[in-house]
Amino acid sequence: MIEKKRKHSQRVDVAAEIAARSKRSPEFKAAYEEARERHSIARQLATLREASGLSQAELAKKIHTSQAQISRIERADYDGHTISTLKKYLRAVGASMSI
């Protein structure tokens with residue numbers, strides 16, 4: 001269980017708080033689920049790259065872009081992904097995607 005300290009040594013169960021807020025607010029639930037999905041995609045991309053034995057700089061060179069762009073692609077808060085860029089990225093790490 002993940003807990004976070006509050007003022008005056010109170011603790012809150014983060015999972016329970018998220019569940020409660022999700023029940024009260026469909027907007028919160030949608031935003032939370034989108035954030036989880038973004039984090040999952042970013043983590044999967046980085047994991048695929050790491051499993052292929054490539055650094056960000058090496059992958060960037062393979063797909064003719066910059067290391068900074070690879071870093072952005074692997075961040076959960078980045079929303080500039082294009083299908084073309086993702087295909088290049090995945091091909092270079094030996095993976096594929098279907099939509």
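Here, every reference points to the structure presented above.
These remarks concern the structure in this document. (Residues numbered from 1 in each chain as written. Predicted model: local features only at pLDDT ≥ 70, side-chain atom pairs only at ≥ 80, totals over all residues. Heavy atoms only, no water.)

## Remarks on the side chain of Glu-74
Our working rule: The way it works is that DSSP assigns letters per residue, a run of H or I at least four long becomes a helix, a run of E at least two long becomes a strand, and they are numbered from the N terminus. Three labels apply to residues, based on accessible area from a 1.4 Å probe with only protein chains included: buried if under 20% of the type maximum, exposed if over 50%, partly exposed otherwise in between. The definition of a polar contact used here is a pair of N or O atoms within 3.5 Å, where within protein one atom must be able to donate a hydrogen and the other to accept one, and adjacent residues in sequence count solely through side-chain atom pairs. A contact between two residues is defined here by any heavy atoms of the two lying within 4.5 Å.
One can find Glu-74 in the loop between helix H4 (67-73) and helix H5 (83-92). Residue classification places Glu-74 among the buried positions, given a relative accessible area of 11%. Among the polar contacts listed, one links the side chain of Glu-74 to the side chain of Arg-49, at a separation of 2.6 Å. The residues contacting Glu-74, other than those within four sequence positions of it, are Ala-42, Leu-45, Ala-46, Arg-49, Gln-56 and Tyr-89.

## Concerning unusual backbone geometry
For His-64, which is not glycine, the phi torsion reads 60 degrees and is therefore positive. Looking at the secondary structure, you find His-64 in the loop between helix H3 (56-62) and H4.

## Overview of the pattern of salt bridges
Going by this rule: Salt bridges are counted wherever a side-chain nitrogen of Lys or Arg sits within 4 Å of a carboxyl oxygen of Asp or Glu.
As enumerated under the stated definition, the model contains six salt bridges in all. Of the charged contacts, one joins Arg-38 and Glu-34 as a salt bridge, the two residues approaching to 3.2 Å between their closest N and O atoms. Taken together, the positions of Arg-38 and Glu-34, both in helix H2 (residues 26-51) and four residues apart, correspond to about one turn of that helix. Exposure remark for Arg-38: the relative accessible area of 27% places this residue in the partly exposed category. Judged by its relative accessible area of 43%, Glu-34 falls in the partly exposed class. Taken together, the shared-partner salt bridges connect Arg-43, Arg-49, Glu-50 and Glu-74 into one network.

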